[in-house]
Amino acid sequence: LPTLSGGWSTGYMHYCCWPCVCDTQDFIRVDTRNVTTSEGTRQVQFVVIGNPCDHPEQLTTPFKDTFGRGETSIAASAQEVRCAGGVLEGATMSDHGYVIINMFFDAVD
(Lines give C-alpha, C1' and ligand atoms only; values in the text may rest on other atoms or scores of the structure.)
Protein backbone atom coordinates (compact mmCIF):
# COMPACT_ATOMS: atom_id res chain seq x y z
CA LEU A 1 0.00 0.00 0.00
CA PRO A 2 1.15 3.57 -0.51
CA THR A 3 2.54 5.35 2.53
CA LEU A 4 1.84 8.94 3.49
CA SER A 5 5.55 9.64 3.19
CA GLY A 6 5.46 8.82 -0.52
CA GLY A 7 6.83 5.29 -0.61
CA TRP A 8 5.25 1.86 -0.47
CA SER A 9 4.91 -0.65 2.35
CA THR A 10 4.32 -4.37 1.99
CA GLY A 11 2.35 -6.16 4.67
CA TYR A 12 -1.06 -7.45 5.57
CA MET A 13 -4.07 -6.59 7.69
CA HIS A 14 -7.06 -8.50 8.96
CA TYR A 15 -10.62 -7.53 8.12
CA CYS A 16 -13.87 -9.40 7.78
CA CYS A 17 -16.00 -7.53 5.29
CA TRP A 18 -15.03 -3.85 5.14
CA PRO A 19 -13.24 -2.29 3.38
CA CYS A 20 -13.34 -4.12 0.10
CA VAL A 21 -10.13 -4.59 -1.86
CA CYS A 22 -10.98 -1.70 -4.23
CA ASP A 23 -11.55 0.69 -1.32
CA THR A 24 -8.32 -0.49 0.27
CA GLN A 25 -6.36 0.35 -2.86
CA ASP A 26 -8.15 3.67 -3.47
CA PHE A 27 -8.52 5.21 -0.01
CA ILE A 28 -6.30 3.54 2.56
CA ARG A 29 -2.70 4.52 3.18
CA VAL A 30 0.00 3.42 5.62
CA ASP A 31 1.24 5.75 8.36
CA THR A 32 3.06 5.36 11.65
CA ARG A 33 2.38 5.94 15.32
CA ASN A 34 4.69 5.57 18.27
CA VAL A 35 3.45 2.86 20.64
CA THR A 36 4.77 2.42 24.17
CA THR A 37 4.80 -1.06 25.69
CA SER A 38 6.57 -2.60 28.68
CA GLU A 39 9.56 -3.09 26.34
CA GLY A 40 9.77 0.59 25.45
CA THR A 41 8.55 2.84 22.65
CA ARG A 42 8.65 1.80 19.02
CA GLN A 43 7.23 3.08 15.76
CA VAL A 44 4.44 0.86 14.36
CA GLN A 45 2.74 0.95 10.96
CA PHE A 46 -1.04 1.36 10.77
CA VAL A 47 -3.53 1.65 7.92
CA VAL A 48 -5.30 4.99 7.91
CA ILE A 49 -8.04 6.95 6.18
CA GLY A 50 -8.56 10.67 5.88
CA ASN A 51 -10.08 12.59 8.76
CA PRO A 52 -13.78 13.27 8.00
CA CYS A 53 -13.63 16.20 10.42
CA ASP A 54 -11.34 18.08 8.01
CA HIS A 55 -14.59 18.80 6.10
CA PRO A 56 -17.44 18.22 8.59
CA GLU A 57 -19.98 19.81 6.25
CA GLN A 58 -19.60 16.75 4.03
CA LEU A 59 -21.06 14.51 6.74
CA THR A 60 -24.55 15.81 5.91
CA THR A 61 -24.12 15.90 2.12
CA PRO A 62 -26.55 13.42 0.54
CA PHE A 63 -25.34 10.64 -1.78
CA LYS A 64 -26.91 7.62 -3.44
CA ASP A 65 -26.57 4.45 -1.43
CA THR A 66 -24.49 1.98 -3.45
CA PHE A 67 -26.83 -0.86 -2.51
CA GLY A 68 -29.86 0.80 -4.10
CA ARG A 69 -31.56 1.89 -0.87
CA GLY A 70 -32.07 5.49 -1.94
CA GLU A 71 -30.27 8.57 -0.72
CA THR A 72 -28.42 8.89 2.58
CA SER A 73 -25.54 10.77 4.20
CA ILE A 74 -22.66 9.77 6.45
CA ALA A 75 -24.40 11.53 9.37
CA ALA A 76 -27.55 9.47 8.76
CA SER A 77 -25.96 6.07 8.12
CA ALA A 78 -22.98 6.28 10.50
CA GLN A 79 -24.27 8.21 13.49
CA GLU A 80 -21.17 7.34 15.53
CA VAL A 81 -19.07 9.57 13.23
CA ARG A 82 -19.09 12.88 15.12
CA CYS A 83 -16.74 15.83 15.09
CA ALA A 84 -15.87 18.11 17.98
CA GLY A 85 -13.62 21.04 17.18
CA GLY A 86 -12.24 19.43 14.04
CA VAL A 87 -11.44 16.17 15.82
CA LEU A 88 -13.17 12.83 15.17
CA GLU A 89 -14.57 11.80 18.55
CA GLY A 90 -13.08 8.57 19.87
CA ALA A 91 -10.58 8.15 17.04
CA THR A 92 -6.93 7.27 17.45
CA MET A 93 -4.83 9.37 15.09
CA SER A 94 -1.59 8.55 13.29
CA ASP A 95 1.60 10.61 13.39
CA HIS A 96 0.34 12.68 10.45
CA GLY A 97 -3.21 13.19 11.77
CA TYR A 98 -5.05 10.46 9.88
CA VAL A 99 -7.66 8.11 11.40
CA ILE A 100 -6.20 4.71 12.29
CA ILE A 101 -8.49 1.86 11.25
CA ASN A 102 -6.20 -1.15 11.61
CA MET A 103 -2.67 -2.30 12.30
CA PHE A 104 -0.49 -3.03 9.26
CA PHE A 105 1.55 -6.15 9.95
CA ASP A 106 4.95 -6.69 8.38
CA ALA A 107 5.08 -9.25 5.59
CA VAL A 108 7.21 -12.26 6.42
CA ASP A 109 9.56 -13.37 3.66
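Treat the numbers as computed from the prediction; the structure is a model and nothing was measured.

A. Summary view of the side chain of serine 94. On the secondary structure map, serine 94 appears in the loop between strand 7 (87-88) and strand 8 (99-103). The contacts of serine 94, once residues within four sequence positions are left out, are Asp31, Thr32, Val48 and Ile100.

B. Quick look at the sheet that holds strand 8. One open sheet holds the 3 strands; their spatial order is 2-3-8, and the pairing between them is antiparallel. Each edge of the open sheet carries a strand with a single partner, namely strand 2 (29-37) and strand 8. In this sheet, neighbouring strand axes are inclined to one another by 50 degrees on average, regardless of whether the strands run parallel or antiparallel. Taken together, the 9 bridges between strand 2 and strand 3 (residues 40-49) define a ladder with antiparallel strand orientation. The residue of strand 3 that forms the bridge with asparagine 34 is glutamine 43.

C. Examining the environment of glutamine 43 more closely. As for its placement among the helices and strands, glutamine 43 is situated in strand 3. Along the sequence, glutamine 43 and leucine 88 sit 45 residues apart, while their C-alpha atoms lie 23 Å from each other. Residues in contact with glutamine 43, not counting those within four places in the same chain, are Thr32, Arg33, Asn34 and Asp95.

D. Spotlight on the pattern of salt bridges. Per the counting criterion, the structure on display carries 2 salt bridges. Aspartate 65 is the partner of arginine 69 in a salt bridge, and the nearest nitrogen-oxygen pair spans 3.5 Å. Since its relative accessible area comes to 64%, arginine 69 is described here as exposed. When its relative accessible area of 19% is taken as the criterion, aspartate 65 is described as buried. Residue glutamate 89 is joined to arginine 82 by a salt bridge in which the shortest nitrogen-to-oxygen separation is 3.3 Å. Owing to a relative accessible area of 43%, arginine 82 belongs among the partly exposed residues under this scheme.

E. Structural context of the packing of aromatic side chains. Tallying each qualifying case throughout the model produces 1 aromatic pair. On the numbers, 5.4 Å between centres and 25 degrees between planes, the contact of tyrosine 12 with phenylalanine 105 is stacked. Of the two residues, tyrosine 12 sits in strand 1 (residues 11-12) while phenylalanine 105 sits in strand 9 (residues 105-106), which places them 93 residues apart along the sequence. Owing to a relative accessible area of 40%, tyrosine 12 belongs among the partly exposed residues under this scheme.

About the criteria used
- Residues numbered from 1 in each chain as written.
- Predicted model: local features only at pLDDT ≥ 70, side-chain atom pairs only at ≥ 80, totals over all residues.
- Heavy atoms only, no water.
- Helix = DSSP H or I, 4+ residues; strand = E, 2+ residues; numbered from the N terminus.
- Contact = heavy atoms within 4.5 Å.
- Pairing = 2+ DSSP bridges.
- Axes fitted to C-alpha atoms, helices over the stretch in contact; angles between N-to-C directions.
- Salt bridge = Lys/Arg side-chain N within 4 Å of Asp/Glu carboxyl O.
- Buried < 20%, exposed > 50% of the residue type's maximum accessible area, 1.4 Å probe, protein only.
- Phe/Tyr/Trp six-rings, centres within 6.5 Å; stacked < 30°, edge-to-face > 60°.

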